[in-house]
Amino acid sequence: MSKAQSIYSLKSVGSPGSLDFRLYMERKGSPISIWHDIPLWADEEEKVLNMVVEIPRWSNAKFEISRTEEFNPIKQDVKNNKARFVRNVFPYKGYIWNYGALPGTWENPSHVHPDTKHPGDNDPLDACEIGEQVAYTGQIKRVKVLGAMALLDDGETDWKIIVIDINDPRAAEVNNIADVQKHFPGLLEATWEWFKLYKVPDGKAPNKIALDGEFRDQSYAISIVNECKAAWEKLINGKVLAEDISLIRGNEMDTIASSANYTGNDECQPSEENLDKWFFLRK
């Protein structure tokens with residue numbers, strides 16, 4: 001167990017894969033916001049970040065931090081009134097990294113980034129952790145930044161920060177995007193292809209990738225992290241309008257949400273799709 005994980009504990013409501021599933025985080029028995037209470041920097045001097053894992057590698061269920069609910073629990077994403085799962089685009093099984101978010105960051109939807117020419121997607125920054133350990137939902141990993149890419153998703157900039165767990169056996173050798181290419185040959189190409197194609201089995205067009213389809217280096221990626229951290233600070237301090245984002249943090253309410261006060265749609269049903277099916281999209 002990591003040092004960070006020993007400070008926090010998890011509390012689940014509902015069953016994974018169902019629409020009422022919520023995973024909350026507590027600190028010393030009291031609820032906290034997964035987005036707003038966990039610090040971004042685990043060690044700022046050493047440039048080590050905290051990453052909250054939403055989706056373990058090789059899995060299909062699309063979990064995400066709730067933007068609107070108190071304490072921002074991790075929930076099951078919903079599409080067409082059903083639990084959302086990503087398909088297996090050959091040769092990939094589910095997500096090909098541990099996928100999650102960087103707490104204390106925000107992609108401001110009112111800010112048009114000069115390099116992507118599109119506004120932010122109103123969520124915390126996404127992170128793809130490439131280490132060998134398969135994580136679990138709600139795990140807090142201490143990671144270092146290696147690089148970045150950007151999708152253009154429904155007219156919004158959707159940054160993907162490439163990171164590695166500092167405790168990974170190869171972490172000492174991997175410090176930049178070029179090191180990923182050297183020590184994880186093929187992974188960057190697979191990452192590019194995965195993000196481009198993962199929605200195609202659901203009938204959507206391939207995703208557009210910004211920055212001429214290129215990965216940017218560690219320095220550039222850290223600048224994006226710092227930019228989104230500054231945006232989050234303005235959000236949490238009330239200097240910009242939160243709109244549909246819950247800013248409830250630890251000690252602001254006495255009790256954690258439970259199934260008794262969950263207000264989701266009881267008529268939603270889990271997906272019954274075959275999650276072992278391959279989709280062959282290469283030509």
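For the structure, see preceding data.
All values derive from a computational prediction rather than experimental measurement.

Q: What is the right way to look at the overall build of the protein in this model?
A: Counting its secondary structure elements, the protein contains 4 helices and 16 strands. Burial analysis of the protein (283 residues in total) assigns 53% to the buried set. Residue pairs in contact within the protein that sit at least 24 positions apart in sequence constitute 70% of those at least 6 positions apart.

Q: Is there a simple way to think about the pairing of strand β14 (residues 156-165) in this case?
A: Looking down a regular strand, the side chains alternate between one sheet face and the other. The element β14 is largely enclosed, with a buried count of 9 among its 10 residues. Of the strand pairs in this sheet, strand β12 (residues 125-129) and β14 are connected by 4 bridges, and their pairing is parallel. Note that in β14 the partner of Glu129 across the bridge is Val163. For strand β13 (residues 140-153) and β14, the ladder comprises 10 bridges, and the chain directions are antiparallel. Residue pairing in the sheet places Leu151 in a bridge with Asp158 of β14. Joining the antiparallel neighbours β13 and β14 is a turn of 2 residues, in which Asp154 adopts a positive phi near 55 degrees.

Q: Looking at this structure, I do not really get the packing of aromatic side chains. What am I missing?
A: Ring pairs (aromatic) are described by centroid distance and by the angle formed between their planes. Under the definition given, this model contains 12 aromatic pairs. With a centroid separation of 6.1 Å and an interplanar angle of 35 degrees, the aromatic rings of Trp97 and Tyr99 are classed as tilted. Residues Trp97 and Tyr99 agree in their burial class; the two are buried. Residue classification places Trp97 among the buried positions, given a relative accessible area of 0%. Through a chain of ring-to-ring contacts, the aromatic side chains of Tyr95, Trp97, Tyr99, Trp194, Phe195 and Tyr198 assemble into a single cluster. If you follow Arg170 out to its NZ or CZ, it ends over the ring of Phe184, 5.2 Å from the centre. Sitting over the ring of Tyr220, Arg216 keeps its end group 5.1 Å from the ring centre.

Q: For this particular structure, what's the right way to read the pattern of salt bridges?
A: Once the charged atoms of two side chains with opposite charge are near each other, the side chains can pair. As enumerated under the stated definition, the model contains 12 salt bridges in all. Residue Lys141 is joined to Glu129 by a salt bridge in which the shortest nitrogen-to-oxygen separation is 4.0 Å. With a gap of 12 residues between them, Lys141 in strand β13 and Glu129 in strand β12 connect regions that are remote in the sequence. Residue Glu129 is classed as buried on the basis of its relative accessible area of 1%. Two residues, Glu233 and Lys229, come together in a salt bridge whose shortest N-O distance is 2.4 Å. With Glu233 and Lys229 both in helix α4 (residues 218-236), this residue pair falls 4 residues apart, about one helical turn. Overall, Glu233 belongs to the partly exposed group, its relative accessible area being 31%. The class of Lys229 is partly exposed, set by a relative accessible area of 21%. Through salt bridges with shared partners, a single ionic network connects Arg67, Asp123 and Asp244.

Rules used in this analysis
Position numbers for residues count from 1 along each chain, tracking the sequence in the order it is written. It should be noted that, the model being predicted, local features are given only for residues of pLDDT at least 70 and side-chain atom pairs only at 80 or more, the latter also being counted only at that level, while totals for whole chains, interfaces and linings use all residues. In computing side-chain properties, one takes all heavy atoms of the structure into account and sets aside hydrogens as well as water. Each helix is a run of DSSP H or I of at least 4 residues and each strand a run of E of at least 2, with the numbering of both proceeding from the N terminus. Only protein chains enter the area calculation, which uses a 1.4 Å probe; residues under 20% of their type maximum are buried, those over 50% are exposed, and those in between are partly exposed. Contact definition: two residues touch when any of their heavy atoms are within 4.5 Å. If DSSP finds at least two bridges between two strands, the strands pair. Aromatic pairing here means that ring centres of Phe, Tyr or Trp (its six-membered ring) are within 6.5 Å. Orientation follows from the plane angle: under 30 degrees is stacked, over 60 is edge-to-face, and everything else is tilted. By definition, being over a ring means that NZ of Lys or CZ of Arg is both within 6 Å of the ring centre and within 35 degrees of the ring normal. Whenever Lys or Arg places a side-chain nitrogen within 4 Å of a carboxyl oxygen from Asp or Glu, that contact is recorded as a salt bridge.

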